[in-house]
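Summary of the model geometry
Take a look at the letters that make up each chain.
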Amino acid sequence: MDSMELATYVVDTLARHVTDVVLSPGSRNSPLAYALLARGDIRVHVRIDERAAAFTALGMARLQRRHVGVVMTSGTAVANAYPAVVEAHMSHTPLAVISADRPARLLGTGASQTIWQEGIFGRYAATQQVSSLESDISFEPDQVHINVALDTPLVPAALPAAHGEPRRVGPGRFDGARWCDHGEVEVDLSRDTLVIAGDEAWEVPGLEHVPTIAEPTAPTPFHQVHPLAARFFAQSAVSISHDGGDFAASTKPEQVIVVGHPTLHREVMALLDDPEITVIGLSRTDTFTAQPQVRASRVKAVGQLSDTWLKICEAAGEVGAQTVRDALADEQFGFTGLHVAAAVGDTLAVGDTLVLGASNPVRDASLVGLPFDGVSTFSARGAAGIDGTVSQAVGVALATQALHPDEVRAPRTVALMGDVTFLHDVGGLLMGPGQRRPSNLTIVVSNDNGGGIFETLEVGAPEVRGSFEEAFGTPHDVDLEAIAQAYDVSYVRADSLAQLIDALTDDALAPITLIEARTTRTTRRALAERLRA
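Residues numbered from 1 in each chain as written. Predicted model: local features only at pLDDT ≥ 70, side-chain atom pairs only at ≥ 80, totals over all residues. Heavy atoms only, no water.

If you tally the helices and strands in the protein, you get 16 helices and 21 strands. Taken against the 2.2 N^0.38 rule, which gives 24 Å for 533 residues, the C-alpha radius of gyration of the protein at 25 Å falls within 12% of a compact globule. C-alpha atoms of the protein, sized along the principal axes, occupy 85 × 55 × 50 Å. Across the 533 residues of the protein, 55% fall into the buried class. Long-range contacts, defined as pairs at least 24 residues apart, comprise 74% of the intrachain contacts of the protein with a sequence gap of at least 6. A total accessible area of about 22,300 Å² is found for the protein, and carbon and sulfur atoms account for 51% of it. (Helix = DSSP H or I, 4+ residues; strand = E, 2+ residues; numbered from the N terminus. Rg over C-alpha atoms; globule rule 2.2 N^0.38 Å. Buried < 20%, exposed > 50% of the residue type's maximum accessible area, 1.4 Å probe, protein only. Contact = heavy atoms within 4.5 Å. Areas by Shrake-Rupley, 256 points an atom, 1.4 Å probe, with all protein chains shown as cover.)

The following block contains the structure:
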């Protein structure tokens, strides 16, 4: 089988489903590269590192809501896409991996860069073997692995003729084509009801006015309840001050409706294990968070919420929000990651896109009041790893500006992450000359020189502190300004909240700006205990 002809067949099929492909260089995938670069209707982004390439594609796919391709050579190059495929599967994000492979006769012979690529992604993406023009290629699953067996010669006698016109395609529509429908459940709103909305949540008709604890990637609810209020809802009755008066109230909800995939706050998730609370799970995928007694995708709401319950939720939520405001104003805690999240939140504008790193940043963003109306927010909540966060932010920014090609400058993308997360994927900043680069991306790194989230967990307790720094704190002392210079990225340092706000509100920021917020984690455990108290 002529490799160039087979590669053209694959790319022609790809062009019917994608507008963007991230390509990593290699020899075995050179026919695919030639076929891709000949097309005017596919934007090709080149990344040296396959891992960064896969996460860049994942970032674009999050915003485009349709498949984005990532193409690589054979061998361990394919394995480098594994973390992105796992996150894509767990977050139900479309992603197409197109890997070049040796012909079947070379498997197991010790041929260079030859491994068993069929089934390499296991349950996360089934392999479609392509060895002839009769091979079927399907884009029906969200995660696609197309493994193309390419034989020598790999280089054509001449470059293929350019063809295909540039096109503008808006975001895909999740209109039910790939959603599961688990049916309808009747919900009696005269019972004290609380909604917990996580990643993949949607605006559920009938629940618009139910008090909701919403994670940053969920839609902004009408009655938003602060997550710290979960401690009130776990108790049968508490004394609450509201509108100048004190009253004792039954604060435990009778039923909790879980929408999507919440994961962030232990106190919130604990409500789902309370035997006195009926848990109803709403999902449009095959995944239900926790173990709800009732599973559905739609609700038929009957009855009305009581004014008393609405006041209880409002008061409890305000106590939580005020607790955070008071802690931020308390100088004993210094300049922390929570302050950084507050500064980012306060400087977001309608039309901005926000990318949140896993670990502390997404939790801090929740504590300072996200989600916000008019701000699209993304975070890797499928597998909740820190993998590839820089690359995903770049992908989101590129996809955002592709939707606004006629604007002088694309809408702003802000990425907030910790220093360990940033360093884990710093190669995501590597974009060669001539490559499409984000034109309005601000990366805020909350740098507390190590694993700040562990300060708040059991491993940070005083009785086991002796092993903490080596195994969990993991200080690195890396010069982030030098990294920014190496990757040709603008750099700003902020040592205080005021300096950070000034940097975030600077209208003259470079196309890609790295803002390093130099924070402390020495007070992080005490701050967390203050918030929980």
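On to the UniProt feature "domain: Thiamine pyrophosphate enzyme TPP-binding" (unreviewed entry) in the protein, then. Within this numbering scheme, the UniProt entry marks residues 388–505 as carrying the feature "domain: Thiamine pyrophosphate enzyme TPP-binding" (unreviewed entry). Along residues 388–505, the helical share is 35% and the strand share 15%, with 27 Å between the first and last C-alpha atoms. (UniProt positions renumbered as here; feature names shortened; annotations may be inferred.)

Close approach of charged atoms allows side chains with opposite charge to pair. Taken as a whole and judged by the stated rule, the model has 24 salt bridges. Two residues, Arg39 and Asp41, come together in a salt bridge whose shortest N-O distance is 2.9 Å. A single burial state applies to Arg39 and to Asp41, both of which are buried. Residue Glu529 pairs with Arg525 through a salt bridge whose shortest N-O separation is 3.7 Å. Highlighted residues: Glu529 and Arg525, both in helix 16 (residues 524–532), separated by four residues, approximately one helical turn. Three or more residues are tied together by salt bridges with common partners; here these are Glu455, Arg465, Glu469 and Arg521. (Salt bridge = Lys/Arg side-chain N within 4 Å of Asp/Glu carboxyl O.)

For Asn147, the location among the structural elements is in strand 6 (residues 143–149). Here Asn147 falls in the buried class, since its relative accessible area comes to 1%. Reaching out from Asn147, the side chain makes a polar contact with the side chain of Gln129 at a distance of 2.9 Å. When near neighbours in sequence (up to four residues on either side) are disregarded, Asn147 contacts Ser99, Ala100, Asp101, Gln117, Glu118, Thr127, Gln128, Gln129 and Val130. (Polar contact = N/O pair within 3.5 Å; in protein donor to acceptor, adjacent residues only side chain to side chain.)

It is worth spelling out the environment of Thr353 at this point. Turning to its location among the elements, Thr353 is positioned in strand 16 (residues 353–356). For Thr353, a relative accessible area of 5% gives the class buried. On a C-alpha basis, the gap between Thr353 and Phe378 in space is 8.0 Å, while along the polypeptide they are 25 residues apart. Among residues more than four places away in sequence, those in contact with Thr353 are Ser376, Phe378, Val396, Thr400, Arg412, Thr413 and Val414.

Two elements in contact, helix 3 (residues 50–64) and helix 5 (residues 82–91), have axes separated by 8 Å at closest approach and are oriented at 20 degrees. As judged from the angle between their axes, helix 3 and helix 5 are roughly parallel. Crossing geometry of helix 3 relative to helix 5 is assigned as right-handed. Residues Ala54, Phe55, Leu58 and Arg62 of helix 3 form the contact with helix 5, whose participating residues are Pro83, Ala84, Glu87, Ala88 and Ser91. Partitioned by chemical class, the residues of the contact of helix 3 with helix 5 number six nonpolar, one polar and two charged. (Axes fitted to C-alpha atoms, helices over the stretch in contact; angles between N-to-C directions. Parallel < 35°, antiparallel > 145°, perpendicular 65-115°, else oblique. Left-handed = near helix turned anticlockwise from the far one by under 90°. Nonpolar A, V, L, I, M, F, W, Y, C, P; charged D, E, K, R; others polar.)

Turning our attention to the UniProt feature "domain: Thiamine pyrophosphate enzyme N-terminal TPP-binding" (unreviewed entry) in the protein. In the numbering adopted here, UniProt assigns the feature "domain: Thiamine pyrophosphate enzyme N-terminal TPP-binding" (unreviewed entry) to residues 4–115. Secondary structure content for residues 4–115 is 44% helix and 17% strand, and the end C-alpha separation is 22 Å.

Next up on the list: the layout of surface pockets. Taken as a whole, the largest pocket holds about 860 Å³ of empty space. Around the largest pocket, the lining comprises 33 residues; the ones closest to its centre are Arg62, Arg65, Thr217, Thr377 and Phe378. Of all the secondary structure elements, the ones that give two or more residues to the lining of the largest pocket are helix 3 and strand 17 (376–379). When residues in the lining of the largest pocket are grouped by element, the largest group, four residues, is from strand 17. Classifying every residue of the lining of the largest pocket by side-chain character gives 16 nonpolar, twelve polar and five charged. Of the pockets and cavities examined, the second largest pocket occupies roughly 600 Å³. Elements that contribute at least two residues to the lining of the second largest pocket include exactly helix 7 (266–270), helix 10 (360–367) and helix 16. Residue contributions to the lining of the second largest pocket peak at six residues, all from helix 16. The residues that make up the lining of the second largest pocket include at least three from each of domain 2 (182–320) and domain 3 (329–530). (1 Å grid on protein atoms, 1.4 Å probe; cavity = no way out; pocket = protein on both sides within 12 Å on 5 of 7 lines; lining within 4 Å. Points joined across faces, edges and corners; volume = space filled by probe spheres on them. Domains from an automatic or database assignment.)

A full pass over the atoms with the stated rule returns five aromatic pairs. Note on Tyr82 and Phe121: the rings are 5.8 Å apart at their centroids and 45 degrees apart in plane angle, and the pair reads as tilted. In this pair, Tyr82 is assigned in helix 5 and Phe121 in the loop between strand 4 (95–101) and strand 5 (127–130), connecting sequence segments 39 residues apart. Here Tyr82 falls in the partly exposed class, since its relative accessible area comes to 30%. Overall, Phe121 belongs to the buried group, its relative accessible area being 0%. Ring plane angle 55 degrees and centroid distance 5.7 Å describe the contact between Phe454 and Phe472, whose orientation is recorded as tilted. Linking Phe454 in the loop between strand 19 (441–447) and helix 13 (468–473) with Phe472 in helix 13, this pair joins segments that are 18 residues apart in sequence. For Phe454, a relative accessible area of 30% translates into the label partly exposed. Here Phe472 falls in the partly exposed class, since its relative accessible area comes to 27%. (Phe/Tyr/Trp six-rings, centres within 6.5 Å; stacked < 30°, edge-to-face > 60°.)

As a further point, take unusual backbone geometry. Residue Pro153 is reached from Thr152 by a cis peptide bond, and omega for that bond is 0 degrees. In this structure, Pro153 sits in the loop between strand 6 and strand 7 (184–188). Each neighbour pair has its own omega, and for Leu370 with Pro371 the value is 15 degrees, a cis peptide bond. Locating Pro371 in the fold gives a position in the loop between helix 10 and strand 17.

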